Amino acid sequence: MHPFQRWKKLCLGGLLLCCSWYAQPADWCAQPELNLNGLSKHFDDANRAPADKRNEVNTGLGLTCQLQGVGGWRDELEGGFYKNSHFKNSFYVAYGIYYPVSSLVFVGLRNAIITGYPSGNSGSGIVAGPLPSMKIELGAVVSLNLSVIPKRNAVVLANLGFKF
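Residues numbered from 1 in each chain as written. Predicted model: local features only at pLDDT ≥ 70, side-chain atom pairs only at ≥ 80, totals over all residues. Heavy atoms only, no water.

Visitor: Describe unusual backbone geometry, naming the residues involved and giving the relevant values.
Guide: Phi is positive for Gln31, which is not a glycine, with a value near 45°. Inspection of the secondary structure puts Gln31 in strand β1 (residues 30-42). A positive phi angle, close to 65°, is found at Phe87, a residue other than glycine. Note on placement: Phe87 falls in the loop between β3 (74-83) and β4 (89-100). (Helix = DSSP H or I, 4+ residues; strand = E, 2+ residues; numbered from the N terminus.)

Visitor: For the pairing of β3, give the residues involved together with the corresponding values.
Guide: With eight of its 10 residues buried, β3 lies for the most part within the structure. Examined bridge by bridge, strand β2 (residues 57-66) and β3 share seven bridges and lie antiparallel to one another. Counterpart to Leu63 in the pairing with β3 is Gly79. With 10 bridges connecting them, β3 and β4 associate as antiparallel partners. Bridge pairing in β4 links Gly80 to Tyr92. (Buried < 20%, exposed > 50% of the residue type's maximum accessible area, 1.4 Å probe, protein only. Pairing = 2+ DSSP bridges.)

Visitor: Tell me about the side chain of Lys163, residues and numbers included.
Guide: Along the chain, the position of Lys163 falls in strand β8 (residues 155-163). Owing to a relative accessible area of 17%, Lys163 belongs among the buried residues under this scheme. Within the structure, the side chain of Lys163 is placed 2.8 Å from the side chain of Glu137, a separation counted as a polar contact. (Polar contact = N/O pair within 3.5 Å; in protein donor to acceptor, adjacent residues only side chain to side chain.)

Visitor: I'd like a description of the packing of aromatic side chains, backed by residues and values.
Guide: Following the criterion strictly, the structure yields three aromatic pairs and no others. A ring pair is formed by Phe81 and Phe91, whose centres lie 6.3 Å apart and whose planes are at 45°; its orientation type is tilted. Of this pair, Phe81 sits in strand β3 while Phe91 sits in strand β4, and the two are 10 residues apart along the sequence. Comparing Phe81 with Phe91, the two get one shared label, buried. Ring plane angle 55° and centroid distance 5.8 Å describe the contact between Tyr82 and Tyr92, whose orientation is recorded as tilted. Within this pair, whereas Tyr82 is found in strand β3, its partner Tyr92 is found in strand β4, the two being separated by 10 residues in sequence. Each of the two residues, Tyr82 as well as Tyr92, counts as buried. Sitting over the ring of Phe43, Lys41 keeps its end group 5.9 Å from the ring centre. We note Lys135 situated over the ring of Tyr98; from NZ or CZ to the ring centre the distance is 5.9 Å. (Phe/Tyr/Trp six-rings, centres within 6.5 Å; stacked < 30°, edge-to-face > 60°. Lys NZ or Arg CZ within 6 Å of the ring centre and 35° of its normal.)

Visitor: If you had to explain the sheet that holds β2 to someone new, which residues and values would you point to?
Guide: If you trace the eight strands once around the closed barrel, you get β1-β2-β3-β4-β5-β6-β7-β8, paired in antiparallel fashion. When strand polarity is set aside, the average angle formed by the axes of neighbouring strands in this sheet is 30°. Note: β1 against β8, nine bridges, orientation antiparallel. Residue pairing across strands places Ser40 opposite Leu157, the latter belonging to β8. (Axes fitted to C-alpha atoms, helices over the stretch in contact; angles between N-to-C directions.)

Visitor: Describe the state of the cysteines, with residues and values.
Guide: Taken as a whole and judged by the stated rule, the model has one disulfide. Disulfide pairing places Cys29 opposite Cys65 at an S-S distance of 2.1 Å. Linking Cys29 and Cys65, the disulfide has an S-S dihedral of approximately -80° and is accordingly described as left-handed. Of the two residues, Cys29 is situated in the loop between α1 (3-22) and β1 and Cys65 in strand β2; the sequence distance between them amounts to 36 residues. You can call Cys65 buried: its relative accessible area is 4%. (Disulfide = S-S within 2.5 Å.)

Structure follows, in structure tokens:
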């Protein structure tokens, strides 16, 4: 790994941890959640040669802050990093808005900006757009977060969130 990449990862990780330590429930970041990024499933891999398979173990960390909400909707701000499907480091920020379909299941959209993709907008390596998403509360502390990249050969992304 290039030293600059390691430095960026350490700085972002430190920033996320510092933000989480200082966030109080009365502050703008209610119910902070540490995300363990995760897994993905690429539905076009059956047509790829073994050497062209995508990375489906996308390790990384993120921090989600629940905001004030919009009417009956829950809204969140998220940022973090992970090893993407092309085996590159990606950094992301996202704003998500979710509607409660039950006390444990929330569905909505995450609008994300993500770095590290070779076919990004205008060749910049940055991709952006809405991701249909779902949050499933597995208990008082743990949630399963799922998102879909809606394209011809869809990708499903998963991570676990831990409230603190």
